[in-house]
Every structure is written in structure tokens, then in C-alpha cells.
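# Notes for the structure review
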Amino acid sequence: MLNIILDGFPDEYEGYLIRTDFRIGMQISEALNDVDLAEPEKMVTALRLLYGNGIPPDSSVAESGLRWFMAGGNVDEEHVPDGKPPTFDFEQDNRLLYSAFRARYGIDLTRERLHWFAFLAMLGDLGGCSLSDIIGIRGTDLAKLGEAQRNDYAKMQERYRIKEKMTEADLARIAEFEEQLNG
């Protein structure tokens, strides 16, 4: 496990330079969740973002580095999908994220350079803000609540749910349908 205090923040993975700015991590996350990209395109996009023009020729090293980077250097804590809906989305929650970092750390995320690993550490320590409250609401297991609380939380979960992302094709079909309605 990487100790960022003793080891510092890395700028390479197994000898390959990586782009470490937190914005790269956010862009990689968005690429990996992009409904308009096929799985191979998602991976290629993510690897290009991380390694720039120097993607390792060994795909297992390249992909291992991507997983390591996205997990903040802690491969033991690598995210394994559990079937539960996500509780956070960089795109949808960007304003809350900006506000939380500004209030908690005095960091203006539009101006600061911040290593992805530092960003993840700070993100994991946010508390007592709207973002952490909403993440808590989204992650609440309704089955463990009483009936009154369950109804209240179900309404809040619907209000704050992460919106389903539509593909370009879906948006085009909706626009075409609206045109037909409007004559």
C-alpha cells in the first residue's frame, strides 16, 4: 500500500509517466461511464488520458496502472461493483464538489493543481456539507428504516438520484419526437 506521507505522490507507474492532476482522474471516470462509448473505446480513452502519448505496450501493465491510479494507489481498495446504484457523479455533483472543497479546505478547484491521490484523500474526508449529506441520502438502505422514515428517504432519494445518462442516439430520438409533436 502506498503511504503518501512517506512516499510522496507518484508521477509514474512502473516507469511510465502518468498525468496526475485531479481533473485527469475526473475525466477518466467520465470516460469510463460514458454511455456513448463502447467498452474498448472507454478503455483506450482512459489510457490515453492517463498516460498521454506513452501508453505501456503491455496492456496488462497499462490497465493495472489505470486501476491503481483510479484507486488512489491502493489496489487493496479497488472498487468492485456491488450492484448498488452509484452515490456520486462527478458531472452531476460538480457544483456541490466545488463548494465543499472551497468551504472545507479553502481550495478553488478551478484554479488549483492537485494530485489525484490528494484529491481522493480530501474527497473521502468531506463531511458536514451538502455533498456528503446527499451522498448519505443516496446510499441509505430503505429496507433498514421504519415506514415513516422510509417514505421520507424514498422522496429524497428520488430528488437527489443520479440521473441516467442518455446516449446521443437517445437524445436525437427525443428531439425527433418533439419535432413531430410540434408539427
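Refer to the structure presented above.
Okay, so let's go over this structure. Bear in mind that the values here come from a model prediction, so they are computed numbers and not experimental data. (Residues numbered from 1 in each chain as written. Predicted model: local features only at pLDDT ≥ 70, side-chain atom pairs only at ≥ 80, totals over all residues. Heavy atoms only, no water.)

## Describing the overall build of the protein
What counts is decided by this rule: Helix and strand definitions here come from DSSP, where helices need a minimum of 4 consecutive H or I residues and strands a minimum of 2 consecutive E residues; each element is numbered from the N-terminal end. Relative accessible area decides the class of each residue, using a 1.4 Å probe on protein chains only: under 20% of the type maximum gives buried, over 50% gives exposed, and in between gives partly exposed. Here a residue-residue contact requires only that any non-hydrogen atoms of the pair lie within 4.5 Å. For the area figures, the Shrake-Rupley method with a 1.4 Å probe applies, and any residue is considered shielded solely by the protein chains shown.
Within the protein, the regular secondary structure consists of 9 helices and 2 strands. For the protein, the sequential pattern of α-helices and β-strands runs α-β-β-α-α-α-α-α-α-α-α. If you line up the protein on its principal axes, its C-alpha atoms span 55 × 45 × 35 Å. Each of the 183 residues in the protein was classed as buried or not, and the buried ones make up 30%. Considering only intrachain contacts with a sequence separation of at least 6, the fraction spanning at least 24 residues in the protein is 60%. Accessible surface for the protein amounts to roughly 12100 Å². Of this, 51% is attributable to carbon and sulfur atoms.

## Points about the nonpolar core
One broad rule of soluble globular proteins: the nonpolar side chains tend to lie buried together. Formally: Only buried residues count toward a nonpolar core, which is a set of Ala, Val, Leu, Ile, Met, Phe, Trp, Tyr and Cys residues joined through side-chain atoms within 4.5 Å.
Formed by 32 residues in total, the largest nonpolar core has its most connected members in Ile28, Phe69, Leu97, Phe101, Leu109, Trp116 and Phe119. For this core, the elements supplying multiple residues, two or more each, are helix H2 (22–32), helix H3 (39–51), helix H4 (59–70), helix H5 (94–105) and helix H6 (116–124). With residues near it in sequence (within four places) discarded, Phe69 still touches Ile18, Arg19, Thr20, Gly25, Ile28, Leu50, Trp116, Phe117 and Leu120.

## Observations regarding helix H7 (residues 130–139)
Condition: This arc is taken over the directions from the axis of the helix to the C-beta atoms.
Considered for burial, the residues of H7 that qualify are Leu131, Ile134, Ile137 and Arg138. Buried residues along H7 cover an arc of 125° about the axis, so they all sit on one side. Taken together, the buried residues of H7 touch H5, H6 and helix H8 (147–160).

## Notes on the packing of aromatic side chains
The condition is simple: Each Phe, Tyr or Trp ring (for Trp, its six-membered ring) is paired with any other whose centre lies within 6.5 Å, and the angle between the two planes then decides the class: stacked below 30 degrees, edge-to-face above 60, tilted in between.
Under the definition given, this model contains 11 aromatic pairs. Measuring from ring centre to ring centre gives 5.9 Å for Phe69 and Trp116, while their planes differ by 25°; the resulting arrangement is stacked. Of this pair, Phe69 sits in helix H4 while Trp116 sits in helix H6; the two residues are 47 residues apart in sequence, bridging distant segments of the chain. For the pair formed by Phe69 and Trp116, the shared burial category is buried. The interplanar angle of 40° and the centroid separation of 5.9 Å between the aromatic rings of Phe69 and Phe117 together place this pair among those described as tilted. Highlighted residues: Phe69 in helix H4 and Phe117 in helix H6, separated in sequence by 48 residues. Grouping residues by exposure puts Phe69 and Phe117 together as buried. Within the aromatic cluster, the residues linked to one another by ring pairs are Tyr13, Phe22, Trp68, Phe69, Phe88, Phe90, Phe101, Tyr105, Trp116, Phe117 and Phe119.

## Quick notes on the layout of surface pockets
Using the following cut-off: In the cavity and pocket records, a cavity denotes points on a 1 Å grid over the protein atoms alone where a 1.4 Å probe fits but cannot get out, a pocket denotes an open set with protein on both sides within 12 Å along at least 5 of 7 lines, and lining residues are residues with an atom within 4 Å of a point. Grid points are joined across faces, edges and corners, and a volume is the space filled by probe spheres set on the points. Three residue categories are used. Nonpolar comprises Ala, Val, Leu, Ile, Met, Phe, Trp, Tyr, Cys and Pro, charged comprises Asp, Glu, Lys and Arg, and polar comprises the others, including Gly.
As a volume, the second largest pocket reaches approximately 290 Å³. Lining the second largest pocket, in full, are Lys84, Pro85, Pro86, Thr87, Arg138, Gly139, Thr140, Asp141, Gln157, Arg161 and Ile162. The residue inventory of the lining of the second largest pocket, partitioned by class, reads 3 nonpolar, 4 polar and 4 charged.

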